[in-house]
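The lines below spell out each chain.
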Amino acid sequence: MEIHYISPERITVEQIAHVVESGMKIALSEEARKRVVECREYLDKKIETSKEPIYGITTGFGSLCNVSIDKDSLSDLQKNLVMSHSCGMGEEVPSEIVKYMIILKIQSLCYGYSGVQLSTVERLVEFFNRNITPVVYQQGSLGASGDLAPLANMCLPLLGLGEVNIDGERISGEELNRRMGWEPVRLASKEGLALLNGTQFMSAYSVWSLIRAKRLSAWADRIAAMSIDAFDGRISPFLMPIHTIRAHQGQIDTAKCIYDLLQGSEIIERYKEHVQDPYSFRCVPQVHGAVKDTIAHVEKVVTIEINSATDNPVVVPDEDMVISGGNFHGEPLALVNDFLAICLSELASISQQRTYQLISGKRGLPAFLVAKPGLNSGFMIPQYAVAAVVSQNKQLSTPASVDSIESSLGQEDHVSMGANAATKCARVVVNTYEVLGVELMVSTQALEFRRPLKSSPAIEKLFEDYRKVVPFVDVDRVMYTDMAKSVEFIKNNN
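Here goes a summary of the coordinates provided. (Residues numbered from 1 in each chain as written. Predicted model: local features only at pLDDT ≥ 70, side-chain atom pairs only at ≥ 80, totals over all residues. Heavy atoms only, no water.)

A word on the overall build of the protein chain
In step 1: Looking only at helices and strands, the protein chain has 19 helices and nine strands in total.
In step 2: Oriented by its inertia axes, the alpha-carbon framework of the protein chain measures out at about 85 × 50 × 45 Å.
In step 3: Taken across its 494 residues, the protein chain has 55% of its residues classed as buried.
In step 4: Looking at the protein chain as shown, the accessible area adds up to about 20,800 Å², and 53% of this sits on carbon and sulfur atoms.
In step 5: Considering the protein chain, the positive charge centre built from 48 side chains and the negative charge centre built from 60 side chains are found 6 Å apart. (Helix = DSSP H or I, 4+ residues; strand = E, 2+ residues; numbered from the N terminus. Buried < 20%, exposed > 50% of the residue type's maximum accessible area, 1.4 Å probe, protein only. Areas by Shrake-Rupley, 256 points an atom, 1.4 Å probe, with all protein chains shown as cover. Lys, Arg positive; Asp, Glu negative; His and termini not counted. Charge placed at Lys NZ, Arg CZ, Asp CG, Glu CD.)

Focus: the pattern of salt bridges
In step 1: By the definition in use, this model includes 30 salt bridges.
In step 2: Residue Glu163 is joined to Arg170 by a salt bridge in which the shortest nitrogen-to-oxygen separation is 4.0 Å.
In step 3: Between Glu175 and Arg179 there is a salt bridge, and its shortest N-O distance comes to 2.8 Å. Here Glu175 pairs with Arg179, and both are found in helix 7 (residues 173-180), just four residues apart, close to one helical turn.
In step 4: Beyond isolated ion pairs, a larger network of salt bridges with shared partners links Glu21, Glu96, Arg212 and Arg215. (Salt bridge = Lys/Arg side-chain N within 4 Å of Asp/Glu carboxyl O.)

Concerning the side chain of Ser456
In step 1: Checked against the element boundaries, Ser456 lands in the loop between helix 17 (418-448) and helix 18 (457-467).
In step 2: The class for Ser456 is buried, based on a relative accessible area of 0%.
In step 3: Within the structure, the side chain of Ser456 is placed 3.2 Å from the backbone nitrogen of Ile459, a separation counted as a polar contact.
In step 4: Discounting chain neighbours no more than four positions away, the residues touching Ser456 are Asp229, Leu261, Leu262, Gln263, Gly264 and Ser265. (Polar contact = N/O pair within 3.5 Å; in protein donor to acceptor, adjacent residues only side chain to side chain. Contact = heavy atoms within 4.5 Å.)

Some words on the packing of helix 1 (residues 13-22) against helix 9 (residues 200-230)
In step 1: Look at helix 1 against helix 9: their axes get within 10 Å of each other, and the N-to-C directions meet at 100°. Put simply, helix 1 runs roughly perpendicular to helix 9. Across the interface between the two elements, Val13, Glu14, Ile16, Ala17 and Glu21 from helix 1 touch Val207, Leu210, Ile211, Arg212, Lys214 and Arg215 from helix 9.
In step 2: Here the contact of helix 1 with helix 9 is built from residues that sort into six nonpolar, no polar and five charged. (Axes fitted to C-alpha atoms, helices over the stretch in contact; angles between N-to-C directions. Parallel < 35°, antiparallel > 145°, perpendicular 65-115°, else oblique. Nonpolar A, V, L, I, M, F, W, Y, C, P; charged D, E, K, R; others polar.)

Overview of the environment of Gly418
In step 1: Mapping Gly418 onto the fold places it in helix 17.
In step 2: Accessibility expressed as a relative area gives 0% for Gly418, which makes it buried.
In step 3: Spatially, the C-alpha atom of Gly418 lies 27 Å from that of Ile350, the residues being 68 residues apart in sequence.
In step 4: Excluding residues that lie within four positions of it along the chain, Gly418 makes contacts with Leu142, Gly143, Met202 and Ala334.

With respect to the sheet that holds strand 6 (residues 163-166)
In step 1: Pairing within the open sheet is antiparallel, and its three strands lie in the order 4-6-7. Edge positions in the open sheet fall to strand 4 (133-134) and strand 7 (169-172), since each of these has one partner strand only.
In step 2: Pairing geometry for strand 6 and strand 7, over four bridges, is antiparallel. Paired with Val164 across the strands is Ile171, a residue of strand 7. (Pairing = 2+ DSSP bridges.)

Overview of the nonpolar core
For soluble globular proteins, the rule of thumb is that nonpolar side chains tend to be buried together.
In step 1: Among the nonpolar cores identified, the biggest contains 129 residues, and Ile103, Ile106, Val207, Val302, Leu344 and Leu440 are the most heavily contacted of them.
In step 2: If you tally residues by element for this core, the top one is helix 9, at 18 residues.
In step 3: Apart from residues lying up to four places away in sequence, Ile106 is in contact with Ile6, Ile26, Leu28, Val121, Leu124 and Val125.
In step 4: Judged by nonpolar contacts, the second largest core, of eight residues, contains Cys39, Leu43, Ile57 and Val315. (Core = buried A, V, L, I, M, F, W, Y, C linked by side-chain atoms within 4.5 Å.)

Let's talk about helix 11 (residues 249-261)
In step 1: Over its 13 residues, helix 11 extends 18 Å from the first C-alpha to the last, a length consistent with the 18 Å expected when each residue adds 1.5 Å.
In step 2: Buried residues of helix 11: Gly250, Gln251, Ile252, Thr254, Ala255, Ile258 and Leu261, and no others.
In step 3: In this structure, the buried residues of helix 11 make contact with helix 9, helix 10 (240-244), helix 14 (284-306) and helix 18. (Expected span 1.5 Å × (residues − 1).)

Describing the pairing of strand 2 (residues 25-28)
In step 1: Inspection of the sheet shows strand 1 (residues 3-6) paired to strand 2 by four bridges, in the parallel sense. Bridge pairing in strand 2 links Ile3 to Lys25.

Some thoughts on the layout of surface pockets
In step 1: Put simply, the largest pocket is a space of about 260 Å³.
In step 2: As for the largest pocket, its lining consists of Glu91, Pro94, Ile97, Gln138, Tyr205, Trp208, Leu396, Thr423, Lys424, Ala426, Arg427 and Val430.
In step 3: Every element with two or more residues in the lining of the largest pocket is listed here: helix 9 and helix 17.
In step 4: Considering every element that reaches the lining of the largest pocket, the biggest residue donor is helix 17, with five residues.
In step 5: Each residue belonging to the lining of the largest pocket can be placed in one class, and the counts come to seven nonpolar, two polar and three charged. (1 Å grid on protein atoms, 1.4 Å probe; cavity = no way out; pocket = protein on both sides within 12 Å on 5 of 7 lines; lining within 4 Å. Points joined across faces, edges and corners; volume = space filled by probe spheres on them.)

The analysis is restricted to geometry; functional conclusions fall outside its scope.
As structure tokens, this is what we get:
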């Protein structure tokens, strides 16, 4: 089986997603192992020789940073940190996203700025390779001192505490160690902080959402092209001279994509009585293009984040320094998750509007896309349903990053709320799949009423593949199962 070697070299969101989604095993590169060992050795010497207190290593945490801890208690200090901070609440985090958390935590620790033991990192590698996913909860992180609560819950099983899911079964951390023949990890100085002070919860959700946002963007173009033809739309809004004089790259790329998808269509080439199309068809390049540009910006920020050391304090052996700072603050991720949620909400909004136009009985199409409207309701209520989803997206797109609540007796007096931004963005991702799935149902249905005219080869191929999963609706039938199949069709065909 192919193995992905985690190293200090730059990694992309696509590479991380491939490792997680393919079930690939991971291992530490020699350079990663070397950096981890050297940083730990340096930190041990620094503790022995330093006369000044070192935050979180020989002191308490947060507002207790002025309380010194004796050397014999440094391990207990780190264990107590993990136990006391494991305060996750709410819904359980899906196992797939927990796997993202684990690999991103390993990646961050391997840059050699965290001072962890090699054995601790290797235990996390074992978790990933054996599909051991700790039970983590969605709520509890302020996205400031890192994702304290969710990362604490993730790391409890290292100590023989907490719970994990393995092979479809939930067991305790203690039972996991018994089955695996493992001893609980005994944390050295600084290790609890290294495990908890980081942005891997936010980053995991960010990578998961970003990968799907890119897929949704591509699908939105394909589905929009089908809808444009089904609505008997015009090709003129996609001609390149319009877009080169505005020159947003996403707009240019979208216009070219739609234009190419519609080449060879009998419908798009025929004479049009109407002079213009509604904005939801005519302005696809401008709206879908802005989404593409937003996704590109989000990817830039998330890529920097997953290639960074985000715990505190940072151990820098080459500079002979242990620096207490704020790399764990989640503001970069908070802002871009809010931005990503907003742009996906817009992608869903314009999709829903195309759905509405297609069922409205315009341009020779029957009302609600059934042969006998009145006796049959047709696609009336699927549009209702996605209207509700789009409305929820608008609510979820209210920024989390503009909020802050003081904590830790004022020591942590500005927080990012990046975890809330990330989890609600993921909900918008799920919702957007649903909205596009219904538009695909409606556009294929509408296209059938244009027969015997054919759309383009690209659109007809999509139509043919889709009809193997979801049939034409001639009279009223149970719709929610077809809607679910439509969403799965999009998810399973990247």
